[in-house]
Amino acid sequence: MTSSSTPGLARFNTLAAAEATAELHEVCASAAWGSAVLAHRPYATAEALFSTSDAATARLSPEDLAEAMAGHPPIGRPKPGDPASAREQRGMAGASEELRTEMLELNLAYQERFGHVFLICATGATGEQMRDAVKSRIGNSPEQERGHVRTELGKINRIRLTRLVQETPEQGA
């Protein structure tokens, strides 16, 4: 996405607040993030939207970050009827039963250690890469891991916002 405006961005800029809030909630489950992004409409460029998103992600309180993470299913178990999670976790689709079992065990161990799902920008990652990431991050301190989670959430938000602003009015959200 460059600095130019798109039909999808123009559509987003003109949505009623309730509709825009609903679309933003599909990008990120944090109400604080959604409110911050909504407050700066209209956006002249997609990059302005991304910058606002990045700043809002950086300012999320621990509670807001937890709310955002609650909107993400565990790796390897996308929510039924959630095309975004299924698309983003495509790298696990062809994983062996052994890898799926290992990811389930690692997800549970991670969640027990940190109190939330393992969050990674899974777009384009293989099942093995996701497994290796959880293995490497499970030894982090809670503070280190919050930093990783915030970075990964920012990447996910940008990918989802890119899809939002690239949609044409006929496609809808």
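A few points on the structure.

Calculation criteria
Residues numbered from 1 in each chain as written. Predicted model: local features only at pLDDT ≥ 70, side-chain atom pairs only at ≥ 80, totals over all residues. Heavy atoms only, no water. Axes fitted to C-alpha atoms, helices over the stretch in contact; angles between N-to-C directions. Helix = DSSP H or I, 4+ residues; strand = E, 2+ residues; numbered from the N terminus. Parallel < 35°, antiparallel > 145°, perpendicular 65-115°, else oblique. Left-handed = near helix turned anticlockwise from the far one by under 90°. Contact = heavy atoms within 4.5 Å. Nonpolar A, V, L, I, M, F, W, Y, C, P; charged D, E, K, R; others polar. Buried < 20%, exposed > 50% of the residue type's maximum accessible area, 1.4 Å probe, protein only. Arc of directions from axis to C-beta. Salt bridge = Lys/Arg side-chain N within 4 Å of Asp/Glu carboxyl O. Core = buried A, V, L, I, M, F, W, Y, C linked by side-chain atoms within 4.5 Å. Polar contact = N/O pair within 3.5 Å; in protein donor to acceptor, adjacent residues only side chain to side chain.

## Concerning the packing of helix H5 (residues 62-70) against helix H9 (residues 142-166)
- Between H5 and H9, the shortest axis-to-axis distance is 11 Å and the interhelical angle comes to 55 degrees. Viewed along their axes, H5 and H9 adopt a mutual orientation that is oblique. When the axes of H5 and H9 are compared, the crossing they make is left-handed. Here H5 contributes Leu65, Ala68 and Met69 to the contact with H9, which in turn contributes Arg146, Val149, Arg150 and Leu153.
- By residue class, the composition of the contact of H5 with H9 is 5 nonpolar, no polar and 2 charged.

## Some thoughts on the packing of helix H7 (residues 97-114) against helix H8 (residues 127-137)
- Running from amino to carboxyl end, H7 crosses H8 at an angle of 30 degrees, the nearest separation of the two axes being 10 Å. The angle between H7 and H8 falls in the class roughly parallel. For the pair H7 and H8, the crossing hand works out as left-handed. On H8, the residues that touch Leu99, Glu102, Met103, Leu106, Tyr110 and Phe114 of H7 are Gly127, Glu128, Met130, Arg131, Val134, Lys135 and Arg137.

## A closer look at H5
- Of the positions making up H5, those classed as buried are Asp64, Leu65, Ala68 and Met69. All buried residues of H5 lie within an arc of 140 degrees about the axis, which places them on one face of the element. Exposed positions of H5 whose direction lies more than 90 degrees from the buried face are Glu63 and Ala70.
- Each element contacted by the buried residues of H5 is listed here: helix H3 (31-39) and H9.

## Some details on the pattern of salt bridges
- Applying the stated criterion across every chain yields a total of 9 salt bridges.
- Between glutamate 102 and arginine 131 there is a salt bridge, with its nearest N and O atoms 3.6 Å apart. Residue glutamate 102 is located in helix H7, and its partner arginine 131 is located in helix H8; the two are separated by 29 residues in the primary sequence.
- Between lysine 155 and glutamate 152 there is a salt bridge, with its nearest N and O atoms 3.2 Å apart. With lysine 155 and glutamate 152 both in helix H9, this residue pair falls 3 residues apart, about one helical turn.
- The exposure class assigned to glutamate 152 is buried, which follows from its relative accessible area of 10%.
- Bridged by salt links that share partners, the residues Glu102, Arg131, Asp132 and Lys135 form one connected network.

## Side note on the nonpolar core
- Judged by nonpolar contacts, the single largest core of 43 residues is most densely connected at Phe12, Trp33, Leu49, Ile75, Met103, Met130 and Leu161.
- Of all elements in the fold, only helix H1 (7-14), helix H2 (17-27), H3, helix H4 (46-58), H5, H7, H8 and H9 reach the threshold of two or more residues within this core.
- Contact partners of leucine 49, with chain neighbours within four places excluded, come to Leu9, Phe12, Val37, Tyr43, Leu161 and Val165.

## A look at the side chain of glutamate 145
- By secondary structure assignment, the location of glutamate 145 is in helix H9.
- Of note is the side chain of glutamate 145, whose polar atom sits 2.8 Å from the side chain of asparagine 140.
- Discounting residues that sit within four places of it in the chain, glutamate 145 has contacts with Tyr110, Phe114, Arg137 and Asn140.

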